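Take a look at the letters that make up each chain.
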Amino acid sequence: MTERTPSRGWRAALSSAADWIEKPIEALIRACGWSSIVLVAAIFCFVFWYAAPLLPHIDWFGTDGFFTSTHWHAKEREGATYGVLAMIVGNFAVALVAMVIAIPCGLAAAVYISEFAGPRSKEWFKVGIEILAAIPSIVWGFIAITMIGPLLIKYAGATMGTNLLNGGIVLGLMSIPLIVSLAEDSLRAVPDSFREAAMALGANRWEIVYRVLFPAARSGLLAACMLGVGRAIGETMAVLLATGNKNQIPTSLTDPITTLTATIASEMGDAEAGSPHSQSLFTIGLLLLVITCAINLTANLVIRGNKRASSN
Amino acid sequence: MQDGVSIDIRDYSLWYGKFQALLGVSAQIKRGIITSLIGPSGCGKTTLLRSFNRINERYGNVTTQGHITILGKNILDSDVSVAALRKRVGMVFQRPNPLPISIYENVVFGMKSHLPQAERPRAVLDQAVESALREVSLWDALKDGLDRRATELTLEQQQKLCIARLLPLKPDIILMDEPCSALDASGIERIEELITELKRTFTIVMVTHNMAQARRASDECIFMLMGEIIEHTPTLDMFMNPQNSKTAAYIEGRYG
């Protein structure tokens, strides 16, 4: 270090103070970044920890097996069985019905908002979608019981208002805002030059949508749909109220069903902490975590794979 | 309308909202030659070009007045089908913008929009793709990979493809908005060759910032300034002997 002039002295002091503050801030930001990964791992560990004592005793693929039977008698002290097949089927069935409703509606709404609505109405629609996304799921449950249920009894010939179809409708409505906002984002990200190119070739608005925008935004639209599925599979409260909570494999749309999530929600209150019953519910939780993580991971891979393909 | 005139512009004005971008311009653009629109940024040359296929109406706040007659019809009339107009008047953009679909689908995109399914069996489409790509000398390079995404091509190939996809529609006029500005020197040379080649079949109107290019590649030049046409003469006359002092000043590079 050479001799310092006075002005360089205070500057140097200031910059060393800045260095001193910089380091902890950087560490803090780094910690925040890592926390998301650490939390996910921690949640997995936590759920696994509470399920673990039961795992060696579970029959996975036998006649009363976890994946292969519908015999869910987890409360029994003697001869308890843990078959969740009906819940898995119910979970996927209700998600399927939901997506049959939500994907067409969600994509259509996204196309309308991004390509057809005027700038002012676009803002209103976006606010509306956000409010729709903010409705608590228990409120959707009320809607399912008090409004959709009676309609299904009247028009769909259901004996009970709460059933697979009801759950599917409610889940569909709940997934729409997520699908709309993600799909709209990816449509908006399509460069305007593509629209202009197609327009200059004489294509009309519909042709632009299905021959240019859909191929161009394919990855984003797919991801939107997959995250919608993830939402539908993980949703609990509305499903518990809407599906009738009956442990059976559905044979028609109007059969009451139950799901993995609804079972946990309805039985957790009665399950004694540390009992095999409680551990079996944590086992279901573990399965759910695996399913939803797999869906989200696939969605991410889809996005990434397509980004790579289109950036070449 | 005189014979040999492809685009007849009469007292044409255009407003973006309240801003008047074109102030009652008139010009006759001749058939079968290349006409360059030159002038400093903001002079209205791109706006004029984008009026010929009415693509500048897409922003919604555009109002126009006057006449633009193409093929004997005022294209500003409300009963004009813009789809049909754009079939006759193709456009090449500043930045190559092939659609994010296969090369093949890019070339047949226009045909699929304009022809009913029955009139475009696979054999017709295949034939159209081959002859369009041959025309822009891309066929030999691309014939074995027509399923590749068009956005994977080099910029020069992309721009050629953007020209090729106009050809199956058999347009009368091709509009070019600075078609070479995204390319390197050799790319510019080959696109200019191609444009000169095309003029035998089409009327070409080209916007360019590049004086040398206007001089090399075009037969007539229209010099515009502040939304008006200052001068419209054969290219050589404009560069050798400009009539208007503003034209002279621009060509000599005193402003731009």
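Since the structure is predicted, the reported quantities are computational estimates derived from the model, not experimental observations. (Residues numbered from 1 in each chain as written. Chains lettered and ligands numbered in written order. Predicted model: local features only at pLDDT ≥ 70, side-chain atom pairs only at ≥ 80, totals over all residues.)

With respect to the overall build of chain A
In terms of helices and strands, chain A carries 11 helices and two strands. For chain A, the sequential pattern of α-helices and β-strands runs α-β-β-α-α-α-α-α-α-α-α-α-α. A principal-axis box enclosing the C-alpha atoms of chain A has dimensions of 85 × 60 × 35 Å. In chain A, which comprises 312 residues, the proportion classed as buried is 38%. When contacts within chain A are restricted to residue pairs at least 6 apart in sequence, those whose partners lie at least 24 apart make up 70%. (Helix = DSSP H or I, 4+ residues; strand = E, 2+ residues; numbered from the N terminus. Buried ≥ 20, exposed ≤ 12 C-beta atoms within 10 Å, placed from the backbone. Contact = placed C-beta atoms within 7 Å.)

Comments concerning the interface of chain B and chain A
Every contact between the two is made by 20 residues of chain B and, on the other side, 17 residues of chain A. Of all the secondary-structure elements, those providing two or more residues to the side of chain B that touches chain A are α2 (82-88) and α3 (103-114) of chain B. Among the elements that make up the side of chain B that touches chain A, the one with the highest residue count is α3(B) (four residues). A per-class count over the side of chain B that touches chain A returns eight nonpolar, six polar and six charged. (Nonpolar A, V, L, I, M, F, W, Y, C, P; charged D, E, K, R; others polar.)

Things to note about the sheet that holds strand β2 (residues 19-30) of chain B
Residue and element names in this part refer to chain B. Strand order in this open sheet of four strands is β2-β1-β4-β5, and the pairing throughout is antiparallel. Both edges of this open sheet fall to β2 and β5 (73-74), since each of them pairs with a single strand only. Direction of pairing for strand β1 (residues 5-16) relative to strand β4 (residues 62-70): antiparallel, over a ladder of eight bridges. The residue bridging leucine 14 from the neighbouring strand is threonine 64, located in β4. (Pairing = 2+ DSSP bridges.)

Describing the nonpolar core
Residues and elements named next belong to chain A. By size, the foremost hydrophobic cluster in this structure holds 132 residues, and its most contacted members are Val170 and Ile179. Here this core gets 14 residues from one element, more than from any other, and that element is helix α5 (residues 164-188). Counting 15 residues, the second largest nonpolar core, distinct from the first, contains Ala51, Ile88, Leu260 and Leu281. (Core = buried A, V, L, I, M, F, W, Y, C linked by C-beta atoms within 7 Å.)

So, unusual backbone geometry
Despite not being glycine, Asn245(A) has its phi angle at roughly 50°, a positive value. The residue Asn245(A) is located in the loop between α9 (237-242) and α10 (260-267) in this model. The phi dihedral of Ser137(B) falls on the positive side, at around 50°, and the residue is not glycine. Mapped onto the elements, Ser137(B) comes out in the loop between α4 (122-135) and α5 (139-142).

Quick look at helix α7 (residues 205-216) of chain A
Residue and element names in this part refer to chain A. Of the residues making up α7, those classed as buried are Ile208, Val209, Val212, Leu213 and Ala216. Buried residues of α7, seen end-on, are gathered within an arc of 130° and therefore sit on one face of the element. Turned more than 90 degrees away from the buried face of α7 sit Trp206 and Tyr210, all of them exposed. Here the buried face of α7 lies against α2 (85-116), α5 and α6 (192-200). (Arc of directions from axis to C-beta.)

Here's the deal with the pairing of strand β3 (residues 34-38) of chain B
Residue and element names in this part refer to chain B. Among the five residues in β3, five count as buried, and that is most of the element. In β3, alternate side chains face the same way, and those of Ile34, Ser36 and Ile38 on one face and Thr35 and Leu37 on the other are all buried. Sheet topology places β3 next to strand β8 (residues 203-207); four bridges connect them, and they run parallel. By the bridge assignment, serine 36 is partnered in β8 with methionine 206. Summarising the sheet, β3 and strand β9 (residues 220-225) pair through four bridges and their orientation is parallel. Following the sheet pairing, serine 36 is matched in β9 by cysteine 221.

A look at the domain arrangement of chain A
Domain annotation of chain A identifies domain 1 (6-57) and domain 2 (81-311). Of the residues belonging to the side of domain 1 of chain A that touches domain 2 of chain A, the class tally is eight nonpolar, no polar and no charged. (Domains from an automatic or database assignment.)

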